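In case you want the letters, here they are:
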Amino acid sequence: MRVLFVSSEIYPLAKTGGLADVSAALPKALAALGVDMHLLLPGYPKAIESAASKSVAVDFADFMGAGPMRLISARTPDTGLPIWLVDCASLFRRSGGPYQDEEGRDWLDNAQRFALFSHVAARLSLGQLLENWHADLVHTNDWPAGLVPAILAEGQGQRPATVFTIHNLAYQGLFPADLYPQLGLPDATFNPDGLEFYGKISFLKAGIHYSDRLTTVSPTYAREILTAEYGCGLEGLLQRRAQDLIGILNGADYEIWDPTTDIHLPANFSLRNIAGKRACKTALQKELGLEADWEAALVVYISRITDQKMADVVAAALPELVEIGAQCALLGNGARHLEEQFELAACRYPRRIALRIGYEEPLAHRLLAGGDILLHPARFEPCGLTQLYAMRYGTLPVVRSTGGLCDTVVEASDGSLNRRPATGFTFESANGADMLRCLERALALYRQPLAWRKVQRQAMAQDFGWEDPARRYLALYQSLVPQPVATAKAVANDPISESAAQ
Ligand code: ADP
Ligand code: GLC
């Protein structure tokens, strides 16, 4: 089965969050199960620079009025999977991030950028760009690739099956209607029973409306998005498509996120030999200018600084967190006004709160290893990956019970009725008081080393590897692309099997 996996972020070529981690690890796990996975990513300069074995697959004088463009064929630098990069100088060769400039402002031409990306994906999958390649199935992710299923569904003739994964319903790719003529879409798609969302173009709605199947990244979030509270206005459409929607919990790539082998740590450690974790904590306190206090519980927060991650609540709670005896190490970037609130708190408690505004992959690893507690609150959380990583590093997560956080963290308090082994701490309401009470429970357990060690061991022993989720995706792919059948007669009667058999 040939699958084109389309994403706007793939680690280590481009990353702003968990989408990149998933877009690297899931195709790797599916390839290990025998699926012929090919990736497609916009040709951001850093992505082109770090891709391996590059060659020009095809050159265009012009594509959709965006000027000259090339499709670069390459391999991912770490896993060696085949990848194509859409190298369009006018749209993708610029400094800044995938969606925003260096000042954090959305690129003004995002609609054109990701429409072109989606057209390339569709044509490639149909076999219109490369002579010897077409896809049996196209797996697209989040709004930047949302137009692909719409383009394919509205086209003529046979097309590949489509799967659309919602990683975050809150980012919808909404654009003014007057851009529509520039996007190369048929007129028929711009209506409420298509990709129009209250008079605007919605790339996300296109993905949800036109895909054969929908997935999202945890079972709880799959249920939540059918409600007005979490549905972001798309709950009606999602309810109508509920039969085609499943929640498959994300995994953690333990080749990257495992303290036993992590190359970014000053000392490695494991479930059986945890001594190195202490060395990681001491080194982290030194690196960040925190008091060299082994006894203090070190609370780490590694996050996009946004409302989703309750950054406003965290910033406001920092003084109290210090008052109850914790040290805090914070790494993140995002909304400037929230970054400023973090800066104020860090200035007030220089030896108890360390703050790094920015995006630093190796530091994220060192924080997970050197911390005692990961603070991961959220107003909503489709899955969340840092809590999975934290557990493997023996850093107990404090999370709000929502979305994937609900599905992955088991409360450790004595009164809890859970039959599964406890792995962290959970709270219900998205407010500072509840979050602080939960942190107090975590600190109380931290002061009982034997009890703490037990929960820590249980957390480290959890297996959130990609094997099981990848099998679920494979089963989904197989339900859409029947495998080659044995007899010639059966093949002749079934056009889908026929194309899969080629
Ligand atoms: P989301 O995708 O909503 O941001 P996830 O928990 O799924 O949340 O994934 C976040 C990913 O981004 C993790 O790999 C985390 O380590 C990483 N990350 C987030 N912020 C930073 C940062 N400032 N520096 C380094 N890594 C970060
Ligand atoms: C999104 C979500 C996050 C999820 C990630 C990967 O960014 O916010 O919860 O883990 O995608 O699926």
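Quick caveat, the model's predicted, so the values are computed rather than measured.

What follows deals with empty space enclosed by the protein. Any space left empty among the atoms is revealed by the rolling of a water-sized probe across them. For the coordinates displayed, the defined rule picks out one cavity of 30 Å³ or more. Lining the largest cavity we find 15 residues, and of these Asp21, Ala24, Ala25, Asp253 and Ile256 sit closest to its centre. Broken down by element, the lining of the largest cavity gets its largest block of residues, five residues, from helix α1 (residues 18-32).

Each neighbour pair has its own omega, and for Tyr11 with Pro12 the value is 0 degrees, a cis peptide bond. The backbone of Met64 shows a phi angle near 50 degrees, a positive value even though the residue is not glycine. Along the chain, Met64 turns up in the loop between β3 (52-60) and β4 (69-75). At Cys232, a position not held by glycine, the phi torsion is positive, near 50 degrees. Its location among the elements puts Cys232 in the loop between α7 (219-224) and α8 (235-240).

Moving on: the nonpolar core. Counting 175 residues, the largest nonpolar core has Leu4, Leu40, Leu116, Phe203 and Ile208 as the members making the most contacts within it. For this core, the element with the highest residue contribution is helix α4 (residues 110-126), accounting for nine residues. Two domains each donate at least three residues to this core, and these are domain 1 (2-251 + 468-491) and domain 2 (275-460). Not counting residues up to four positions away in its chain, the partners in contact with Leu4 are His38, Leu39, Leu40, Trp84, Ala121, Leu124, Ser125, Trp133, Ala135, Leu137, Val138 and His139.

Moving on to the sheet that holds strand β14 (residues 327-334). Read from one edge of the open sheet, six strands run β15-β14-β13-β16-β17-β18, paired in parallel fashion. The open sheet has two free edges, formed respectively by β15 (353-357) and β18 (425-427), since each of these has just one partner strand. In this sheet, neighbouring strand axes are inclined to one another by 15 degrees on average, regardless of whether the strands run parallel or antiparallel. When strand β13 (residues 298-305) meets β14, the two strands line up parallel, connected through eight bridges.

The next point concerns the side chain of Glu196. Turning to its location among the elements, Glu196 is positioned in strand β9 (residues 196-197). Notably, Glu196 is buried but unbridged: the nearest opposite-charge side chain belongs to Lys205, and the N-O separation is 7.2 Å. Dropping the residues within four chain positions of it, Glu196 is found in contact with Thr189, Phe190, Asn191 and Lys205.

Once that is clear, we can look at the domain arrangement of the protein. Here the protein is described as being made up of domain 1 (2-251 + 468-491) and domain 2 (275-460). Taken over C-alpha atoms, the centre of domain 1 sits 33 Å from the centre of domain 2. Contact residues are listed per partner, giving 21 residues for domain 1 and 20 residues for domain 2. At the boundary of domain 1 and domain 2, one finds one salt bridge. A salt bridge links Glu361 to Lys15; its shortest N-O distance comes to 3.1 Å. At the junction of domain 1 with domain 2, the criterion picks out ten residue pairs in polar contact (both at pLDDT 80 or more). Considering every element that reaches the side of domain 1 that touches domain 2, the biggest residue donor is α7, with four residues. Classifying every residue of the side of domain 1 that touches domain 2 gives nine nonpolar, nine polar and three charged.

The antiparallel open sheet is built from three strands, whose spatial order is β8-β10-β9. Each end of this open sheet is capped by a strand with a single partner; those strands are β8 (174-176) and β9. Bridge analysis of β8 against strand β10 (residues 200-202) gives three bridges, and the strand direction is antiparallel. Along β10, the bridge assignment pairs Phe175 with Ile201. Contacts from helix α6 (residues 203-210) reach β8, β9 and β10 within the one sheet, and its direction differs from that of β10 by about 55 degrees.

With that settled, the discussion passes to the layout of surface pockets. For the second largest pocket, the calculated volume is near 480 Å³. Lining the second largest pocket we find 23 residues, and of these Lys281, Trp294, Asp372, Tyr446 and Trp452 sit closest to its centre. Of all the elements in the fold, those that place two or more residues in the lining of the second largest pocket are α9 (275-288), α12 (361-370), α15 (432-446) and α16 (449-461). Here the lining of the second largest pocket is composed, by residue class, of twelve nonpolar, four polar and seven charged.

What counts, and where the lines are drawn
Residues numbered from 1 in each chain as written. Chains lettered and ligands numbered in written order. Predicted model: local features only at pLDDT ≥ 70, side-chain atom pairs only at ≥ 80, totals over all residues. Heavy atoms only, no water. 1 Å grid on protein atoms, 1.4 Å probe; cavity = no way out; pocket = protein on both sides within 12 Å on 5 of 7 lines; lining within 4 Å. Points joined across faces, edges and corners; volume = space filled by probe spheres on them. Helix = DSSP H or I, 4+ residues; strand = E, 2+ residues; numbered from the N terminus. Core = buried A, V, L, I, M, F, W, Y, C linked by side-chain atoms within 4.5 Å. Buried < 20%, exposed > 50% of the residue type's maximum accessible area, 1.4 Å probe, protein only. Domains from an automatic or database assignment. Contact = heavy atoms within 4.5 Å. Pairing = 2+ DSSP bridges. Axes fitted to C-alpha atoms, helices over the stretch in contact; angles between N-to-C directions. Lys, Arg positive; Asp, Glu negative; His and termini not counted. Salt bridge = Lys/Arg side-chain N within 4 Å of Asp/Glu carboxyl O. Polar contact = N/O pair within 3.5 Å; in protein donor to acceptor, adjacent residues only side chain to side chain. Nonpolar A, V, L, I, M, F, W, Y, C, P; charged D, E, K, R; others polar.

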